[in-house]
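Take a look at the letters that make up each chain.
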Amino acid sequence: MSEHLSVPAWRRDVAATPGAAPDGTRMNTVQLLVRDLDVMTDYYQRAVTLDVLDHAGATTTLGRGGVPIMVLRQERDLPGADPRGAGLYHTAILFEDERRLAASLASMAQRVPQTFTGSADHLVSEAFYFTDPEGNGVELYRDRPREEWTVHPDGTVAMASEYLDPNQFLRQWHDPEEPDAGASAAIGHVHLQVGDLESARRFYVDTLGFDVTAQLGDSALFVSAGGYHHHIGMNTWRSAGAAPRAASLGLGDVRILVPTRSDVEELAERLGFHGIPIADDGETLRFADPWNTRLAVSPETGD
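Residues numbered from 1 in each chain as written. Predicted model: local features only at pLDDT ≥ 70, side-chain atom pairs only at ≥ 80, totals over all residues. Heavy atoms only, no water.

**Q** What is the right way to look at the side chain of Thr 293 in this model?
**A** Along the chain, the position of Thr 293 falls in the loop between strand E15 (285-288) and strand E16 (294-299). Since its relative accessible area comes to 1%, Thr 293 is described here as buried. (Helix = DSSP H or I, 4+ residues; strand = E, 2+ residues; numbered from the N terminus. Buried < 20%, exposed > 50% of the residue type's maximum accessible area, 1.4 Å probe, protein only.)

**Q** What should I look at first to understand the pairing of strand E5 (residues 87-95) in this one?
**A** Remember that side chains alternate between the two faces of the sheet whenever the strand is regular. Among the nine residues in E5, seven count as buried, and that is most of the element. Relative to strand E8 (residues 137-143), E5 is paired through five bridges, and the arrangement is parallel. Looking across to E8, one finds that Thr 91 is bridged to Val 138. (Pairing = 2+ DSSP bridges.)

**Q** How do you make sense of the nonpolar core when you look at a structure like this?
**A** A general trend in soluble globular proteins is that nonpolar side chains are found buried together. Counting 66 residues, the largest nonpolar core has Tyr 44 and Phe 287 as the members making the most contacts within it. If we skip the residues at most four places from it in the chain, Phe 287 touches Phe 203, Leu 208, Leu 267, Leu 271, Ile 276, Pro 277, Ile 278, Thr 293, Arg 294, Leu 295 and Val 297. Among the nonpolar cores identified, the runner-up in size contains nine residues, and Ala 92, Ala 127, Tyr 141 and Trp 149 belong to it. (Core = buried A, V, L, I, M, F, W, Y, C linked by side-chain atoms within 4.5 Å. Contact = heavy atoms within 4.5 Å.)

**Q** In this structure, what is going on with the sheet that holds strand E9 (residues 185-193)? I would like to understand it.
**A** Strand pairing in a sheet relies on backbone hydrogen bonds, with the paired strands running either antiparallel or parallel. Here eight strands make up an open sheet; going across it, the order is E6-E7-E8-E5-E9-E12-E11-E10 and the pairing mixed. The open sheet terminates on both sides in strands that have one partner only, identified here as strand E6 (116-121) and strand E10 (211-216). In this sheet, neighbouring strand axes are inclined to one another by 20 degrees on average, regardless of whether the strands run parallel or antiparallel. Pairing analysis gives four bridges linking E9 to strand E12 (residues 232-235), with the strands arranged parallel. By the bridge assignment for E12, Val 190 is matched with Ile 232. (Axes fitted to C-alpha atoms, helices over the stretch in contact; angles between N-to-C directions.)

Limitation: the analysis is restricted to geometry and does not speak to function.
So this is what it looks like as C-alpha cells:
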C-alpha cells in the first residue's frame, strides 16, 4: 500500500454505515502499466479500433466516441506480471450492438488473429477473448437486452458459457461498408484474479456493497450494482492462494463511477470502519483490495 493512504480515525470506533453500491454505478477506465507504449497503443488503436483521445509523455488514453476506456502508462523498469498471481484476468470492452462488435472483431481477425483465445455465448452477452502483446486479457462483447436475461428470485442472473462461432457471427453482422467511426463503447466489466473467494466476497460484497449475481462453486464470483449481470468478476482458476501483488506491469488500477460525491463519502465511511486504508483528494477515493489491486471511485456529479 502507498504510505499516504490512511484510515480515518473518526470512523474506527463507530458502527458501520449500511449501504449498497448505488444504482447507476458503472465502470470507468482501466489503467495498464506497459513496457512498450508504442506497441500497446498500436494494438488497442489499430486492432481493437479504439481512438487515441490523449497522448502526453509516457501515457496514452484510448476510447470510443470521446469516452475514455483504456489508459496505458509506460513503466519500463517494472517486472512482468505473474500470470498465476492476483491482478487482471481481462478487461471487458462493451460495444453498443452486434454490428459495432463485429467491426472490431473483424479488425482483430485481420490484424492480430494470433491473439484470439476463444469466444462464448453467456446468455446475457456474446463475447470474444484475446490476449494483448504484453499478456493482458481482453474481452470484446455486446449485451443482449435486459428483458432477455433470466433473473432468479434471489437476484442472481442466469449465465453460461455456450458455443459461439466467431466466423458465423462475422458473417451475420459484419458489414465492411458500414462506417464505425465515433460509435460508442465503454468498459462493461473487469475480471480479476484473486487468491480466494471468501476474502473477495467480504471485500467486494460486504464492504463495497456490490450484489452477487452468480457464483461458480469456490472458483468464481460475479458482482454488480443496479441489476447488471456483472461489473466485476473474480476467479481463482490460476491464482488460488495468491498473495498481495508486488509492483509489476499489467493492471495499474480499476476506476469506477458512482452517481454523486455523497456516494463516494458513504463508501469512504464503510472502508474506514473496516480498517481499509484510503486516500481521498475530494474528488477520487483510492484504496486497494486484499491483493493490492488498486481501485479508484469518482462521482458522475459533485452533488
